[in-house]
Amino acid sequence: MSAEFGGTGRQGKLSQWLRGRRPKEAAADEGGREALLLAAAEAGLPLAPAAYPAPGYRCSCDRVGCPTPARHPVSFAWQTQSTTDRAQIERWARNQPQANFITATGMVHDVLDVPLEAGAEALERLLDAGIDVGPVAESDDGRLLFFTLTRGTPEDEDEWWPCELDCHPETMDEHPGLRWHCRGSYVLVPPARLPGDQTVSWVRGLEHPLPDPLTLLEVLTDACARHIGEEPDHANAAWPSRR
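As the structure is a prediction and not an experimental result, all values here were calculated from the model. (Residues numbered from 1 in each chain as written. Predicted model: local features only at pLDDT ≥ 70, side-chain atom pairs only at ≥ 80, totals over all residues. Heavy atoms only, no water.)

K.L.:
Can you walk me through the packing of aromatic side chains in this structure?
P.N.:
What describes a pair of aromatic rings is the distance from one ring centre to the other and the angle between the planes of the rings. On inspection of all chains with the given rule, the structure shows 3 aromatic pairs. On the basis of an interplanar angle of 75 degrees and a centroid distance of 4.9 Å, the ring pair of Trp78 and Tyr186 is categorised as edge-to-face. In this pair, Trp78 sits in helix α3 (residues 78-81) while Tyr186 sits in strand β9 (residues 186-188), placing the two residues 108 residues apart along the sequence. You can call Trp78 buried: its relative accessible area is 11%. On the accessibility criterion, Tyr186 (14% relative accessible area) is buried. (Phe/Tyr/Trp six-rings, centres within 6.5 Å; stacked < 30°, edge-to-face > 60°. Helix = DSSP H or I, 4+ residues; strand = E, 2+ residues; numbered from the N terminus. Buried < 20%, exposed > 50% of the residue type's maximum accessible area, 1.4 Å probe, protein only.)

Next comes the structure, spelled out in structure tokens:
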């Protein structure tokens, strides 16, 4: 990894480097937000409305002590509600102008979710090696999201990998390394707002095709292992549990 990332202000330099690679996004007004959501749906990402920040670092759901403020769906039926239907997404976006949106993983795409520092290192290595990297989003709370093809679909039940870690967001702080969002999980889709004027935005846009996650896994696992001070275990560490 380049010496650019060493020394004081490392986190800020990482974000500057990522912003330098970020595609031009639509304007952050209502029309721009809707255009980005529709582009995600057109790329095959099923969407559903999510909570949004409320004053005082609270969540719009008004749940006392919400463990994931502005990061969760508004409906318990989000898995069946998620859709790529343009008309429905337009209605949601216009009727709920403050809402974030989640994309349900494991149907069309998975997401490999890693710490920002590890993800920036891995992204640079992957691009320098000429490996196809798909869309990547940055969350200002310190994560990079690598969007990939799914490894388990409803039509392939024997290969279904439930993502128990990500079905319980309140446990995420206990798992600082790689999270594999597959069937039964979700992530925020850009553009999204988090408490404290933080955002989720694209680093690499949806014009990049979704890759097979296995083409990224070894580099991401290595970077995450160094990030948390462990030796990488390619055989076991990063794989979702199988049922």
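K.L.:
Sorry, what's going on with the sheet that holds strand β4 (residues 100-104) here?
P.N.:
Note: strands within a sheet are paired through backbone hydrogen bonds, in either parallel or antiparallel orientation. The strand order across the open sheet built from 3 strands is β1-β4-β9, with neighbouring strands paired in antiparallel fashion. The outermost strands of the open sheet, each flanked by one partner alone, are β1 (47-50) and β9. Here the strands of the sheet are splayed against their neighbours by 35 degrees on average, with no regard to which way each runs. Across 4 bridges, the pairing between β1 and β4 is antiparallel. Paired with Ala48 across the two strands is Ile102, which belongs to β4. (Pairing = 2+ DSSP bridges. Axes fitted to C-alpha atoms, helices over the stretch in contact; angles between N-to-C directions.)

K.L.:
Honestly, unusual backbone geometry in this entry has me stumped. Any pointers?
P.N.:
Trans peptide bonds make up the majority, and among non-glycine residues the majority have a negative phi. Cis rather than trans, the peptide bond between Pro190 and Pro191 has omega equal to 0 degrees. Within the element layout of this structure, Pro191 appears in the loop between β9 and β10 (192-194). A positive phi angle, close to 70 degrees, is found at Ala70, a residue other than glycine. When you line up the elements, Ala70 lands in the loop between β3 (58-59) and α3. You will see that Asp197, though not glycine, has its phi angle at about 60 degrees, which is positive.

K.L.:
Whenever I open this one, the pairing of strand β7 (residues 143-149) confuses me. Can you help?
P.N.:
Across a regular strand the side chains alternate sides, sitting on one face of the sheet and then on the other. Most of β7 is tucked away, with 6 of its 7 residues classed as buried. Bridging between strand β5 (residues 109-115) and β7 involves 7 bridges; their strand directions are antiparallel. Bridge pairing in β7 links Leu112 to Phe146. With 4 bridges joining them, strand β6 (residues 136-139) and β7 adopt antiparallel strand pairing. Across the sheet, the residue bridging to Glu138 is Leu144, located in β7. Here β6 hands over to β7 after 3 residues, with Gly142 in that stretch at a positive phi of 100 degrees.

K.L.:
Explain the sheet that holds β6 here, please?
P.N.:
Here we have 6 strands laid out as an open sheet, ordered β8-β5-β7-β6-β11-β10, and antiparallel in their pairing. This sheet does not close on itself; its edge strands, each paired only once, are β8 (179-181) and β10. Shown here is a sheet whose adjacent strand axes are inclined to one another by a mean of 25 degrees, direction ignored. Along the sheet face, helix α5 (residues 116-128) touches β5, β6, β7 and β11 (198-204) and points at about 45 degrees away from the line of β7. Here helix α7 (residues 214-227) sits on the sheet and contacts β5, β7 and β8; the angle it forms with β5, its principal contact strand, is near 20 degrees. (Contact = heavy atoms within 4.5 Å.)

K.L.:
Sorry, what's going on with the pattern of salt bridges here?
P.N.:
Oppositely charged side chains can form a pair if their charged atoms are brought close together. Enumeration over the complete set of coordinates arrives at 9 salt bridges. One salt bridge in this structure joins Arg179 and Asp113, with 3.5 Å as the shortest N-O distance. Of the two residues, Arg179 is situated in strand β8 and Asp113 in strand β5; the sequence distance between them amounts to 66 residues. As far as the burial class goes, Arg179 and Asp113 line up, both buried. As a salt-bridge pair, Arg226 and Glu121 come within 2.3 Å of each other at their nearest N and O atoms. Here Arg226, found in helix α7, pairs with Glu121, found in helix α5; they are 105 residues apart in sequence, far enough to count as distant. By relative accessible area, which is 12% here, Glu121 ends up buried. Connected through shared salt-bridge partners, Glu42, Arg86 and Glu90 make up one network. (Salt bridge = Lys/Arg side-chain N within 4 Å of Asp/Glu carboxyl O.)

Treat this as a map of the structure, not an account of what it does.
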